[in-house]
Amino acid sequence: MKVKIQMGLGLLLLATGCATPTDKIVFNDAADVRAAAASASVLPAQNKLDRADALKIESLIFGYLLERHFWDLADYSAVFLQADEAQVAALIKKYPDHVPPIKQSYHAALPSHQTPMDKDTNKPAMILSVEVNEPNADDSVDALGRWYAGDAVAGFRAFNLKKVAGDWQIANVK
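All figures in this text were calculated on a predicted structure; none of them were measured in a lab.

Here is what the cut-offs are and how they apply
Within each chain, residues carry numbers counting from 1 in the order of the written sequence. At least 70 in pLDDT is required for a residue's local features to be given in this predicted model, at least 80 for side-chain atom pairs to be given and counted, and no such filter applies to totals for whole chains, interfaces and linings, which use all residues. Side-chain measures here rest on the full set of heavy atoms in the structure, leaving out hydrogens and waters. Residues belong to a common nonpolar core when they are buried Ala, Val, Leu, Ile, Met, Phe, Trp, Tyr or Cys residues joined through side-chain atoms within 4.5 Å. Each residue gets one of three labels from its accessible area relative to the maximum for its type: buried under 20%, exposed over 50%, partly exposed in between, using a 1.4 Å probe on protein chains only. Per the convention used, a helix needs a DSSP run of H or I reaching at least four residues, while a strand needs a run of E reaching at least two, with both numbered from the N terminus. Between the first and last residue of a helix there are one fewer steps than residues, each counted as 1.5 Å, and that sum is the expected span. A pocket here means an open set of points on a 1 Å grid, computed over the protein atoms alone, that has protein on both sides within 12 Å along at least five of seven lines. A cavity is instead a set of points where a 1.4 Å probe fits but cannot get out; residues with an atom within 4 Å of a point line either one. Grid points are joined across faces, edges and corners, and a volume is the space filled by probe spheres set on the points. Each residue receives one of three labels: charged for Asp, Glu, Lys and Arg, nonpolar for Ala, Val, Leu, Ile, Met, Phe, Trp, Tyr, Cys and Pro, and polar for the others, Gly being one of them. Salt-bridge detection follows one rule: a side-chain nitrogen of Lys or Arg within 4 Å of a carboxyl oxygen of Asp or Glu. Two N or O atoms count as a polar contact when they lie within 3.5 Å, although within protein this holds only if one can serve as hydrogen donor and the other as acceptor, and sequence-adjacent residues are included solely when both atoms are side-chain atoms. Residues count as neighbours in contact if any of their non-hydrogen atoms are within 4.5 Å of one another. Only strands joined by at least two bridges in the DSSP assignment are considered to pair.

**Concerning the nonpolar core**
Here comes step 1: One finds Ile57, Ile61, Leu66, Leu81, Leu128 and Leu161 to be the most contacted residues of the largest nonpolar core, which totals 25 residues.
Here comes step 2: Those elements giving two or more residues to this core turn out to be α3 (51-67), β1 (78-81), α4 (85-94), β5 (123-132), β6 (141-148) and β7 (154-164).
Here comes step 3: Listed in part, the five residues of the second largest apolar core include Ala78, Phe80, Ala108 and Ile127.

**Re α3**
Here comes step 1: For α3, which comprises 17 residues, the first-to-last C-alpha distance of 24 Å matches the rise-based estimate of 24 Å (1.5 Å per residue) to within 8%.
Here comes step 2: Of the positions making up α3, those classed as buried are Asp53, Ala54, Ile57, Glu58, Ile61, Phe62, Gly63, Tyr64, Leu65 and Leu66.

**Details of unusual backbone geometry**
Here comes step 1: A cis amide bond, omega -5°, links Val99 with the succeeding residue Pro100.
Here comes step 2: Within the element layout of this structure, Pro100 appears in the loop between α4 and β2 (102-103).
Here comes step 3: In this structure, Asn122 takes a positive phi of about 60° despite not being glycine.
Here comes step 4: Mapping Asn122 onto the fold places it in the loop between β4 (117-118) and β5.
Here comes step 5: Judged by relative accessible area, Asn122 falls into the exposed class, the value being 60%.

**Some points on the layout of surface pockets**
Here comes step 1: Roughly 160 Å³ of internal volume is contained in the largest pocket.
Here comes step 2: Surrounding the largest pocket, Phe80, Leu81, Gln82, Ser105, Ala108, Leu110, Ile127, Ser129, Arg146 and Tyr148 form its lining.
Here comes step 3: Every element with two or more residues in the lining of the largest pocket is listed here: β1, β5 and β6.
Here comes step 4: Its residues placed into classes, the lining of the largest pocket shows six nonpolar, three polar and one charged.

**Section: the pattern of salt bridges**
Here comes step 1: Following the criterion strictly, the structure yields six salt bridges and no others.
Here comes step 2: The salt bridge partner of Asp53 is Lys163, with a shortest N-O separation of 3.3 Å. Of the two residues, Asp53 sits in helix α3 while Lys163 sits in strand β7, which places them 110 residues apart along the sequence.
Here comes step 3: A residue is classified by how much of its surface remains accessible, and Asp53, at 10% relative accessible area, is buried.
Here comes step 4: Judged by relative accessible area, Lys163 falls into the partly exposed class, the value being 43%.
Here comes step 5: Between Lys103 and Asp118 there is a salt bridge, with the nearest N and O atoms lying 2.6 Å from each other.

**A few points about the side chain of Ser140**
Here comes step 1: Along the chain, Ser140 falls in the loop between β5 and β6.
Here comes step 2: A distance of 3.3 Å separates the side chain of Ser140 from the side chain of Asn160, its partner in a polar contact.
Here comes step 3: Once residues lying within four places of it in the same chain are set aside, the contact partners of Ser140 are Pro135, Asn160, Leu161 and Lys162.

**Digging into the pairing of β6**
Here comes step 1: Here β6 shows a buried face lined by Val141, Ala143, Gly145 and Trp147 and an unburied face lined by Asp142, Leu144, Arg146 and Tyr148.
Here comes step 2: Pairing analysis gives six bridges linking β5 to β6, with the strands arranged antiparallel. Bridging across to β6, Glu131 finds its partner in Leu144.
Here comes step 3: As paired elements, β6 and β7 share eight bridges and run antiparallel to each other.

What follows is the structure, encoded as structure tokens:
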């Protein structure tokens, strides 16, 4: 019986550990810790660009790039746009006589680190893409328009766009 009491007291001492009443254990779910974490992770409100505006900006920049002649020094047989099918179809309709012709992406062969090829003609092609950022503090939008026809023929233009009378306009190109 004496052994059982001693074992019971020993277990009781082990269970209580070395904590004293003045030690405060902080749990991650304590209200003050949660409040501090929440205030630390709150970001300032940022304007979001809605999808319709992003598509308008992309179309405007694709138009700018299509009106330049990055392909004049080579025999490209197609221009591919890195965009959804509906947007590409709209630009094909807007530029029906573009030389080289704008084609949907399923006509493209994309060998790694080589010039993209037009599957229809087995000739080199160019790819155009647009990357639109979120609005700046002054509500202007920055974007990049890129062209790619292999590692040796690649480049970009930086755009700043502003909304004027409800329509997006290119304010600056670098």
